[in-house]
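Spelled out, the chains give:
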Amino acid sequence: MSAGATGDTLCFFVNGKKVTEKHVDPETTLLSFLREKLRLTGTKYGCGGGGCGACTVMVSRYRPANKSICHYSVNACLLPLCQLHGAAITTVEGIGSTKTRIHPVQERIAKAHGSQCGFCTPGMVMSMYTLLRNNPQPSLEDITQALTGNLCRCTGYRPIIDGCRTFCQQEANCCQLNGGTNSGSKEENPEETPLLFDKSQFLPIDHTQELIFPPELILMAETSSPQTLTFRGERVTCVSPVLLEELVQLKTSNPEAPLIMGNTKLGPDFKFKGVVHPLIISPIRVLELFEVTETTHGVWVGTGFPLSEIWAILKKLCRQFPEEKTELFRALIQQLRNVGSQQICNVATLGGHIMSANPNSDLNPILAAGNCSVSTISSGGWREVPLNQEFFLSFGKTVLRPEEIVVSVLIPFSRKGELVRAFRQAPRKECAFATITTGMRVLFSEGFRVVEDVSIYFGGVGPKTAKAVQTCATIVARPWNAETLSQAYEVLVKEFDFPPSIPGGKAEFRRSLTLSFLFKFNLEVLQSLRKMNVIENIVVENMEPLPGEIQLSQQHFQHVSKGQSDQDPVGRAIIHSSAISQATGEAIYCDDLPKTDGELFLSLVTSSRAHAKIINVDVSDALLLPGVVDVITAKDIPGKKTRMFSGYDEEMLAQTQVSCIGQIVCAVLADTRAHARRAASAVNISYEDLSEPIFTIEDAIKRSSYFEPRRKLERGNVEEAFKSVDLVHEGAIRIGGQEHFYMETQSILVLPVREQAEFKIYASSQSPTSVQIAVSETLAIPANRVSCHVKRLGGAFGGKFVKTVILACITSVAAWKTNCAVRCVLERGEDMLITGGRHPVLGKYKVGFQKDGRILAADIQIWTNAGNAVDVSIFVAEKILLHLDNAYNIPNLRGRAAACRTNLPSNTSFRGFGVPQVACVIENLISDVGLTLQRPVDQVREINMYKGPSLTHYKVEFSPENLLRCWDECKAKSDFCSRRIAVDTFNEQNRWKKRGLSIIPIKYGIAFSEGVMNQSAALVNIYQDGSVLVTHGGTEMGQGVHTKMQQVVSRELHIPMSKVYIGETSTNAVPNTFISAASFGTDANGMAVKNACQTLYQRLEPVRQKNPKGTWESWVSAAVMEKISLSATGFSRGPDSYIDWDKMEGQPFPYFTYGVCCSEVELDCLTGDYRTMRTNIVADVGQSLNPSVDIGQIEGAFMQGLGLFTMEELKFSPCGLLYTRGPSQYKIPAVCDLPLSFNIHLLSDSNNPHAIYSSKGIGEPTLFLGSSVFFAIKDAVAAARKEVGLSGPFSLDSPATAERICLACASPFAQV
Ligand SMILES: Cc1cc2nc3c(=O)[nH]c(=O)nc-3n(C[C@H](O)[C@H](O)[C@H](O)COP(=O)(O)OP(=O)(O)OC[C@H]3O[C@@H](n4cnc5c(N)ncnc54)[C@H](O)[C@@H]3O)c2cc1C
Ligand code: FES
Ligand code: FES
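The structure displayed is predicted, hence computed values, not measured ones.

A. The sheet that holds strand β18 (residues 451-459), seen in detail. Spatially, β16-β17-β18-β19 is the arrangement adopted by the four strands of the open sheet, whose pairing is antiparallel. A single partner strand is all that each edge strand has here, and the edge strands are β16 (418-425) and β19 (466-467). Sheet topology places β18 next to β19; two bridges connect them, and they run antiparallel. Across the sheet, Tyr 457 pairs through a bridge with Lys 467, a residue of β19. Packed onto the sheet, helix α18 (residues 507-531) meets β16, β17 (436-444) and β18 and runs at close to 145° relative to β16.

B. Representation of the sheet that holds strand β2 (residues 17-21) within the structure. A sheet is described by the order of its strands in space; here five strands give the open sequence β2-β1-β5-β3-β4, paired in mixed fashion. Looking along the sheet, the strands with just one partner apiece sit at the ends: β2 and β4 (68-75). Between one strand and the next, the sheet's axes are offset by a mean angle of 30°, whatever the strand orientation. Direction of pairing for strand β3 (residues 56-63) relative to β4: antiparallel, over a ladder of eight bridges. In the sheet register, Arg 61 faces β4, and the bridge partner there is Cys 70. Against the sheet, helix α4 (residues 121-134) touches β3, β4 and β5 (88-90), its axis set at about 30° to β3.

C. Highlighting the pattern of salt bridges. One pass over the full model with this rule turns up 80 salt bridges. Among the ionic pairs, Arg 980 bridges to Asp 1275, the shortest N-O distance being 3.0 Å. Taken together, the positions of Arg 980 in helix α31 (residues 976-989) and Asp 1275 in helix α37 (residues 1267-1283) put the pair 295 residues apart, joining distant regions of the chain. For the pair Arg 980 and Asp 1275, a shared accessibility class is recorded, and that class is buried. The partner of Glu 1162 in a salt bridge is Arg 995, and the shortest N-O contact between them spans 2.7 Å. With a gap of 167 residues between them, Glu 1162 in strand β48 (residues 1152-1164) and Arg 995 in strand β40 (residues 993-1005) connect regions that are remote in the sequence. Among the residues examined, Glu 1162 registers a relative accessible area of 2% and is labelled buried. The network of salt bridges with common partners includes Arg 35, Glu 36, Lys 44, Asp 591, Asp 592, Glu 599, Arg 673 and Arg 823.

D. Spotlight on the pairing of strand β24 (residues 642-645). Along β24, the buried face is formed by Arg 643 and Phe 645; none of Thr 642 and Met 644, which line the opposite face, is buried. Pairing analysis gives four bridges linking β24 to strand β25 (residues 648-651), with the strands arranged antiparallel. Its bridge partner lying in β25, Arg 643 is registered against Glu 650. Counted along the chain from β24 to the antiparallel partner β25, the turn is two residues long, and its residue Ser 646 has a positive phi close to 45°.

E. View of the site of ligand 1. Taken together, 31 residues lie near ligand 1, and Met 261, Thr 264, Thr 349, Asp 362 and Val 406 sit nearest. Gly 262 places a polar main-chain atom, nitrogen or oxygen, 2.9 Å from an oxygen atom of ligand 1. In isolation ligand 1 exposes 980 Å². Once the protein is present, 92% of that is buried. Take the shell around ligand 1: its biggest share by element is five residues, from helix α14 (residues 350-356). For the shell around ligand 1, the class distribution of residues is 13 nonpolar, 14 polar and four charged.

F. Examining the nonpolar core more closely. With 223 residues, the main nonpolar core has Ile 860 and Ile 1273 as its most contacted residues. Sorting elements by how many residues they give to this core places helix α28 (residues 915-933) first, with 11 residues. When sequence neighbours within four positions are dropped, the list of residues in contact with Ile 1273 reads Val 1161, Leu 1163, Tyr 1170, Thr 1206, Leu 1292, Ala 1296 and Ile 1301. Counting 73 residues, the second largest nonpolar core, distinct from the first, contains Tyr 45, Leu 78, Ile 366 and Val 409.

G. Representation of the environment of Lys 44 within the structure. Inspection of the secondary structure puts Lys 44 in the loop between α1 (30-37) and β3. With residues up to four places along the chain from it excluded, the contact list for Lys 44 reads Leu 31, Arg 35, Ala 54, Cys 55, Phe 119, Pro 122, Ala 587, Tyr 589 and Asp 592. Within the structure, Lys 44 has its side chain in polar contact with the side chain of Asp 592 (distance 2.6 Å).

H. Looking closely at helix α21 (residues 673-680). Every buried residue of α21 is listed here: Arg 673, His 675, Ala 676, Ala 679 and Ala 680. For α21, the angular spread of buried residues about the axis comes to 165°, placing them on one side.

I. Examining the pairing of strand β49 (residues 1169-1180) more closely. Counting buried positions along β49 gives 11 out of 12 residues, so the element sits mostly inside the fold. Here β48 pairs with β49 via 11 bridges, running antiparallel. Note on β49: the bridge partner recorded for Cys 1158 is Asn 1176. As consecutive antiparallel partners, β48 and β49 are separated by four residues, and within that stretch Gly 1168 has a phi angle of approximately 80°, a positive value. In this sheet, strand β50 (residues 1237-1242) lies alongside β49 in parallel orientation, the contact comprising six bridges. Looking at the pairing, Val 1178 lines up with His 1241 of β50. Crossover β49 to β50 through helix α36 (residues 1187-1206) is right-handed.

J. The arrangement of the side chain of Gln 83 in detail. Checked against the element boundaries, Gln 83 lands in the loop between β4 and β5. Engagement of the side chain of Gln 83 in a polar contact is seen with the backbone oxygen of Met 261, the distance being 2.8 Å. If we skip the residues at most four places from it in the chain, Gln 83 touches Arg 61, Ile 260, Met 261, Ser 282 and Ile 284.

Each value, and the rule that gives it
- Residues numbered from 1 in each chain as written.
- Chains lettered and ligands numbered in written order.
- Predicted model: local features only at pLDDT ≥ 70, side-chain atom pairs only at ≥ 80, totals over all residues.
- Heavy atoms only, no water.
- Pairing = 2+ DSSP bridges.
- Helix = DSSP H or I, 4+ residues; strand = E, 2+ residues; numbered from the N terminus.
- Contact = heavy atoms within 4.5 Å.
- Axes fitted to C-alpha atoms, helices over the stretch in contact; angles between N-to-C directions.
- Salt bridge = Lys/Arg side-chain N within 4 Å of Asp/Glu carboxyl O.
- Buried < 20%, exposed > 50% of the residue type's maximum accessible area, 1.4 Å probe, protein only.
- Near = heavy atom within 4 Å.
- Polar contact = N/O pair within 3.5 Å; in protein donor to acceptor, adjacent residues only side chain to side chain.
- Areas by Shrake-Rupley, 256 points an atom, 1.4 Å probe, with all protein chains shown as cover.
- Nonpolar A, V, L, I, M, F, W, Y, C, P; charged D, E, K, R; others polar.
- Core = buried A, V, L, I, M, F, W, Y, C linked by side-chain atoms within 4.5 Å.
- Arc of directions from axis to C-beta.
- Right-handed = clockwise from strand over helix to strand, strands pointing away.

In structure tokens, the structure reads:
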């Protein structure tokens, strides 16, 4: 350790500029350095654990050995700064900017409408940029692979892919992109189809414009001999040796010091588990770890290589050697394709992977089955250790001694007659740890089917990678035939014990998967034996992987009318107004605001008990820690300590009692985030448990634990109707909750103005007025001293309303108490733990119907799990009842809804506000009717749909004409009838794969049913140069409300959109507004903006008349001279909606938005894996104000619905702790979940007299259409069940995860 007390100097480049850092703390990541030190805030924090891609940057390094430069994408949140000596970093700011020139990647993603809230966009841009640096003409597969690790919660990925695919060579020759047709439905004339974007206008890619690799770094690598580097931080020292001997010495004297390579295992341990090692050793410059040596047995590969390079090395070897020698290499390549994301594979090393000894590792089972071994070195010398069942001891533990260093791995060549395969099943196809993963190898003597050797390893079966020893013993030396295999299955079942307590649960599914994989291996072996002419006359089902090729999709919308002026943007596909700033990283989000002098960071301390009395809060340890300033408790609140919702008080900081794990008890203030977080975990709270907590809806029902009032809505005479129907069926479905997973976590910055108790609040809030009012009440100051400002939100989906208000109040108390600026930005895990999400639902129903499918009566009871506080749960229950009918005219209908009070974190508003859940219950009821009658479910839907002038169950007249038009058009566009036949034929021909098809409608009431919330206001200022500044009540959270408002202003004032600017939403410009929600933002604010513009246009009339040929600017100047006010407010009352719950009638919605969606899936019945092959949506958005924004909302909502109904699963511990607190555990849809063909059609010639320019609200309605995938899966499962003689209704809860699907398919392997 050569360095002095402060450590060595780190030298690297960022965006072409040299950075020399003298004091590098090994705990500092590249992300925090970029954001906090260099103020490069384009790179975003989304999760901190490598799971979301928001922090993607490109690293470039010079390799002196072959004088080449390599570029690779990385997650800056996991990359320790001290690993970057000699590297060049490129961030989104480094590739282009609006001040200079935007990069084609930035331009294309933005102009293809691939950026909504924009929080994911810089990461997307950098993943794609890095791909293009390495491969200027990538294939579509290269693109989807590059974007595997980049999550987007808004767009649904289709527009991002479409923007990126313009770089593909084959696309460059294709004229049918966007608006072209390829989906196999009836051809439309592309001439008549307007395009979402015009790729002919795109900047060409010009690689000569890219930043060059810094010559100084090349010189440094070529000339200076590398030295050991030492970096010292507050708690940790990192030593980076160059020579293997030195590494060995270091490890010998510090056997417990970890070797830090890719940091993808260690990093999450440091961050999420609070692990601290005083010394870490970074051997990334030790050359022996990066060698490849071929021998006669196989290839020795250095353990320092990242997995992406291992993949490239194996690919090269496969080209070099005959197929029979590369069986293992190919199986490894296949598994490597599925390990993590591109960013993870670019840094995670083979050595780190093996030594992490993760029981779910994808590589260890196949390495072990393939007879690999490792070569290690220590002070005792070299040794070779086989990677076998003795190697892995338990999670994170191997037989190696702590001081041993793994230098290389031997990957053997396969032999003639040897077959190696790997299989895995994970909660998401890509970037997800497997539930079960396996490596299997069998060796036959040439020309025989007798097994000479066999090796089968599994991951996900217990605490370590494990060999199926007895199963292998059952197979070896016996012929590979049905008898051997059937005994092998029996032994395998007994061999692995899956107790219900197995980490990760899913015991039954895991058992079924182990058997299914052996069966799949059997199919492959039989195919091979047939190819080798060892067996004949056996028909073997070819289990091809599920299809994965993304096709061109259609987005169809109407041209604006012929007479519309060219300058009038209404009805045109205009890009999101800040898409370019978002793509260049210039767009500012709350946490991007610069730090002010003396600013403090606030970290929350939350309850670790579900139901307990607080005995004591001991903050003494926390206060002793470095940088800690204060601790805020309820006692510090000068004003109201609670917030009231639906008549129930919610404490902002718990004082005497807690009612869920995650409830906020107090908050720690410190000089930095790291200090605040460390101190928060040092606060000790002692509790005394109270009565048994309630977690489930069932328990709440048993103990009558509800938030009142419980609501009921009824029409007709349900009891009488049940007596007269042909058939009665009772059923139930559970719909799980959903995490908002907005990409930007909750963020608040409070600035005390230090005069007259004035506070400025910058918040990522959907409802600035709610924040303002709540803070003023909390601080006991008038509302006129508090202003709340919202520039934009990185996604919200309903989750940045109630909880943000509470967080803003706590942060304001801290700012009030200390008189300092205070920032609170939640970690992803905290955000998920504290803020709740969509209400889980239990729906039970009794349905009475005729043999012809007509439903005459339904009695439906819905229970929601509201959690520990009422929040908006009563309103959610009400909205549920108002959508009880979905699209169906059920003459005798009764619904009851209850919000259950439990000891889980309280649930809150979420896009759709209960409608997706209740609509799923009713569609399941319909599906049960179809299955009972053995009639196609689409026919049952059709028979029961509203037709002609209709009356809802709360007695509102409406015309379902557009609903029926959507239905008919969707059937036609999706070729529903012919595909139904094709699906049935496919199912007859395939035993283990099934297809399913479904078509689902939605009728969605727009606006708030509480009329007061429908009002809105705006302020429009015209300045002397003719530019216009607009402020309105809506917040921009990706849904494009600002873009649409600019369009409104442009039309009303007859000026180009470029003259109109919307800076922020603020309560001091426009007061007393309501939350942006209920798909009502454009309707409400559009009317207010229009009102203000009309006032101004009217005021300009005299000057226009005086100079009719004048320009806009000349009129504005004249108006100033004539002392005409150029500032106007606008107001809209909005509809006076209401519902009278006693009379069970009212006028809750001014109109309905309709949509119909058809989806087809292909299912692997053995694993429960599925792929959405095609989706067609027809949506009635009235006269779309902006088709690109509306289509974006439809696609994004659909994908969020697909997540809700098929993937996203919240898991709690038995004591009520949320386990799923990050993207590693909670899977939202990724690029790999995009329907292969995803077609959107906006219903033409639809009018709506109730909203601006005849448009319709669309933010929420199509989320439910994601359930079409759920019901297509259900259709496929029904076909699988038929194979084993099962028919009729069956239970499949939502989400339809692989586990539920696989078990519902009832294959023989799932029945064991
Ligand atoms: C978001 C994410 C997704 C992932 N997805 C998957 C997946 O789908 N499937 C899967 O199998 N894995 C997955 N992983 C795990 C990943 O493959 C491992 O974390 C990674 O391979 C570890 O390598 P590393 O270089 O980052 O190790 P580090 O974190 O740097 O080190 C890990 C451990 O290995 C030890 N070590 C490292 N090198 C050596 C050596 N040469 N000799 C002795 N000890 C050594 C270190 O001391 C340390 O204890 C994922 C990880 C993340 C973060
Ligand atoms: S913030 Fe780095 S991957 Fe999510
Ligand atoms: S645009 Fe991708 S997360 Fe919002």
